[in-house]
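What the coordinates show
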Amino acid sequence: MSQNPLEKGVNRVQILSGMSDKCDELLISVKNMRVFSGLIIVSVALVLVLNACAPQRTVLQQVLAMGELKILTRNSGTTYYEGPQGPAGLEFELAQRFAQKLGVKLKIIIPDNLNGILEKISEGDAHIAAAGLTITDDRKKQVRFGPAYQSITQQVVYNVSRPKPKSIKQLDGAFEVLAQSSHVEQLKLLRNKHTELSWTENLDADSTELLTLVAEDLIDYTVADSNEMAYNRRYYPKLRVAFDITQPQELAWAFPITKDDSLYNEAKIFIDELKASGELERLLKNNYQHVKNYDYGGTHSFLAQIRRRLPNYQEMFREAADQYDLDWRLLASVSYQESHWRSNAVSHTGVRGMMMLTNNTAAELGVSKRTDPYQSIMGGAKYLRKLIDKVPTHIPEPDRIWIAIASYNVGFGHVEDARKLATKRGDDANKWMDIKATLPLLSKRKWYKQTRYGYARGWEPVRYVENIRSYYDILVWHLEKEQPHLRNLRPILAFSSNVL
Ligand code: GLU
């Protein structure tokens, strides 16, 4: 039976579409067609063939070919923010590592709200949504979740100036939650049992703003993920957790639902490897532990002193920081930890002044009067710079800074001892998280007798650095609030050992 050659050609194109290894065969059949058909027909067939021959790239191949991984996220301390040394936040760090592993650049897209993130990812407008998204049953219909990397609970939050609600039944007042969030999904479930439960869904605010509304007594309650709450509570000492409304839930990256598993599988391997190597745990601690250990009670006085005492010294901090190439807000945070910005501060060990210098250090630094705030701040900045410069340059920021600051507290020699011990114990002497775990051992005979400088109250520099990190976060946040044009400097945060 004779067959229309065009039909035959088209059939072949359809059949072979996507099978680039069959392209040679296909081109041969096109050549044959030329015998039977006119030029136009051949041209049409060629276009079809070229389409068929274009390699059908997997999502992973596309990412590699474009050299770019597009992620959707949101701007918050638990996800992505501009930190002292550039972009930071757990989601950013994870995504950045993944992009590095793939050898591509990271492109960050920040939609207006949670809904925008979910819509865009389900439509395939980006490769991954990395936004502290909770895995929920409803969302599983819309997106595909990768492996969980963190556990949180959902918490009802109230302002301490009001009575603490003990259960859902006692929620009596303005209750606002984030629209399209896992919180709404949970409240809907709870309403099956508590039919009186009602709330308002806010589409414009983000979770941090809702917490601010509670802190400022503009609404009575909201729901927050436990990591967001722990982070923000440092800024808003009036915030309190009333109760949890979920068991631990998991956060994970979300992917579009497609048949193409290539990028998803690669991401799964990446997260699984991070877990197996202990690196994920380290990242979580790095982002959250100082938040978890923060003494919330301290925020009131810190905020009060930012208003009361800091203005007297701010220019001095700036000048000293400029001279010694430091971040003045970090220098001010060290000083607050040392003296609470009291120029005549004195400790039982005889250290004195804004930067609490010992007599010897002051003499070395050329500080003649330790209680002179200007001299003390200039001396302290010079000393901190010296310490930073002593830390090996191959140690990346911010670890280098934390090591230097720990040395400001306990002495460079002890920190060096802790680094050597860390190596002995198979830990990484260049990672602040590992040094932090080792420092407290300097108070135990078994360990300090193996060191050069011997006993030290090693837990103190750990606490010291954690406090300074929190003071720094709060100070930057406060300055930004006062000067909204500095918004991109906002360091926000989060944490957990696992469940916050
Ligand atoms: N993890 C929650 C969610 O997935 C809250 C996110 C947020 O705070 O924006 O809906």
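Going by the structure above, here's the rest.
Below or above, wherever it landed, is the structure these notes cover. Nothing here was measured: the structure is a model prediction, and the numbers come from that model.

All right, on to helix α12 (residues 279-292) then. An ideal rise of 1.5 Å per residue puts 20 Å on 14 residues; α12 measures up with 19 Å between its terminal C-alpha atoms. If you look at α12, its biggest bend is around 40°, right at N286. For α12, the buried fraction is high: 10 of the 14 residues fall into the buried class. Every buried residue belonging to α12 is among E279, L280, R282, L283, L284, N286, N287, Y288, H290 and V291, and all of these are buried. Tucked into the core, α12 has its buried residues touching α5 (90-102), β6 (144-152), α10 (226-233), α11 (262-277), α20 (432-438) and α22 (459-482).

Backbone geometry follows two general trends: most residues other than glycine have a negative phi, and most peptide bonds adopt the trans configuration. P398 follows E397 through a cis peptide bond whose omega is 0°. Tracing the chain through its elements places P398 in the loop between α17 (373-390) and α18 (399-410). With phi around 65°, D217 is a residue other than glycine that occupies positive phi space. For D217, a relative accessible area of 34% puts it in the partly exposed group.

Tracing the backbone through its elements, the reader meets S76 in the loop between β1 (68-72) and β2 (81-83). Taking the C-alpha atoms as reference points, S76 and A131, separated by 55 residues in sequence, lie 9.0 Å from one another.

Neighbouring the ligand are 13 residues, the closest being G132, T134, R139, S207 and D225. Here R139 contributes a side-chain N or O atom positioned 2.7 Å from an oxygen atom of the ligand. D225 is positioned such that a nitrogen or oxygen atom in its side chain is 2.5 Å from a nitrogen atom of the ligand. When the ligand is considered free in solution it has 290 Å² of accessible area, and contact with the protein chains removes 98% of it. Residues that form the shell around the ligand fall into these classes: 3 nonpolar, 6 polar and 4 charged.

Take the sheet that holds strand β10 (residues 222-225) next. Taken in spatial order, the 3 strands line up as β10-β7-β11 in an open sheet, and their pairing is antiparallel. Each end of this open sheet is capped by a strand with a single partner; those strands are β10 and β11 (239-244). Going from strand to strand, the sheet's axes swing by 45° on average, the running direction of each strand aside. As paired elements, strand β7 (residues 154-159) and β11 share 5 bridges and run antiparallel to each other. When the bridges of β11 are listed, Q155 appears paired with D244. Sheet strands in contact with α10 are β7, β10 and β11, and its direction is about 100° off that of β10.

Attention now goes to the side chain of T246. Tracing the backbone shows T246 in the loop between β11 and β12 (249-255). Here the side chain of T246 touches Q154 through a polar contact of 2.9 Å, landing on its backbone nitrogen. Those residues in contact with T246, other than ones at most four positions away along the chain, are T153, Q154 and Q186.

In this section: the pattern of salt bridges. As enumerated under the stated definition, the model contains 19 salt bridges in all. Close ionic contact of E273 with K101 constitutes a salt bridge, the shortest N to O distance being 3.5 Å. A residue pair is termed long-range when its members are at least 10 positions apart, and E273 in helix α11 and K101 in helix α5 qualify at 172 residues. With a closest N to O distance of 3.0 Å, D327 and R329 form a salt bridge. Residue classification places R329 among the buried residues on the basis of a relative accessible area of 13%.

The side chains of a regular strand alternate, residue by residue, between the two faces of the sheet. Sheet topology note: the β1/strand β4 (residues 105-109) ladder contains 5 bridges and is parallel. By the bridge assignment for β4, I71 is matched with I108.

α18 packs onto helix α15 (residues 328-339) with a crossing angle of 30° between their chain directions and a minimal axis gap of 12 Å. If you check the angle between α15 and α18, you find them roughly parallel. The two elements α15 and α18 meet at a crossing, and its hand is right-handed. Contacts between α15 and α18 involve L330, V334 and E338 from the former and I401, W402, I405 and Y408 from the latter. Looking at side-chain class alone, the contact of α15 with α18 contains 6 nonpolar, no polar and 1 charged residues.

The nonpolar side chains of a soluble globular protein tend to be buried, and buried together. L133, F317, L331, W341, L384 and I405 are the most contacted members of the largest nonpolar core, which has 92 residues in total. Residue contributions to this core peak at 11 residues, all from α22. With residues up to four places along the chain from it excluded, the contact list for L133 reads L114, I117, L118, R139, F145, Y149, E250, L251, A252 and A254. Ranked by size, the runner-up nonpolar core spans 31 residues in total, among them L90, A99, A130 and L274.

Quick notes on the rules
Position numbers for residues count from 1 along each chain, tracking the sequence in the order it is written. At least 70 in pLDDT is required for a residue's local features to be given in this predicted model, at least 80 for side-chain atom pairs to be given and counted, and no such filter applies to totals for whole chains, interfaces and linings, which use all residues. With hydrogens and water stripped out, all remaining heavy atoms of the structure feed into the side-chain values. The helix and strand labels rest on DSSP assignments: H or I over at least four residues marks a helix, E over at least two residues marks a strand, and numbering proceeds from the N terminus. To estimate how far a helix should reach, multiply one less than its number of residues by 1.5 Å. One axis is fitted to the seven residues ending at the residue and one to the seven starting there. The bend at that residue is the angle between these axes. Only protein chains enter the calculation, and the probe is 1.4 Å; a residue is then buried if its accessible area is under 20% of its type maximum, exposed if over 50%, and partly exposed in between. Throughout, a residue-residue contact means that at least one pair of heavy atoms, one from each residue, lies within 4.5 Å. Residues are counted as near a molecule or strand when any one of their heavy atoms sits within 4 Å of it. Residues adjacent in sequence count toward polar contacts only when both atoms are side-chain atoms; beyond that, a polar contact is any pair of N or O atoms within 3.5 Å, and within protein one must be able to donate a hydrogen and the other to accept it. The Shrake-Rupley method, run with a 1.4 Å probe sphere, supplies the accessible areas, and residue values consider only the shown protein chains as cover. Under the scheme applied, nonpolar residues are Ala, Val, Leu, Ile, Met, Phe, Trp, Tyr, Cys and Pro; charged residues are Asp, Glu, Lys and Arg; polar residues are all the others, including Gly. Pairing between two strands requires that DSSP report at least two bridges joining them. Axes here refer to lines fitted to C-alpha atoms; in helices the fit is confined to the stretch in contact. Angles between the N-to-C directions go from 0 to 180 degrees. Here, a salt bridge means any side-chain nitrogen of Lys or Arg that lies within 4 Å of a carboxyl oxygen of Asp or Glu. Note on angle classes: values under 35 degrees are labelled roughly parallel, values over 145 roughly antiparallel, values of 65 to 115 roughly perpendicular, and the remainder oblique. Each crossing gets its handedness from the near helix: less than a right angle anticlockwise from the far helix is left-handed, clockwise is right-handed. The term nonpolar core refers to a set of buried residues drawn from Ala, Val, Leu, Ile, Met, Phe, Trp, Tyr and Cys, joined through side-chain atoms within 4.5 Å.

Treat this as a map of the structure, not an account of what it does.
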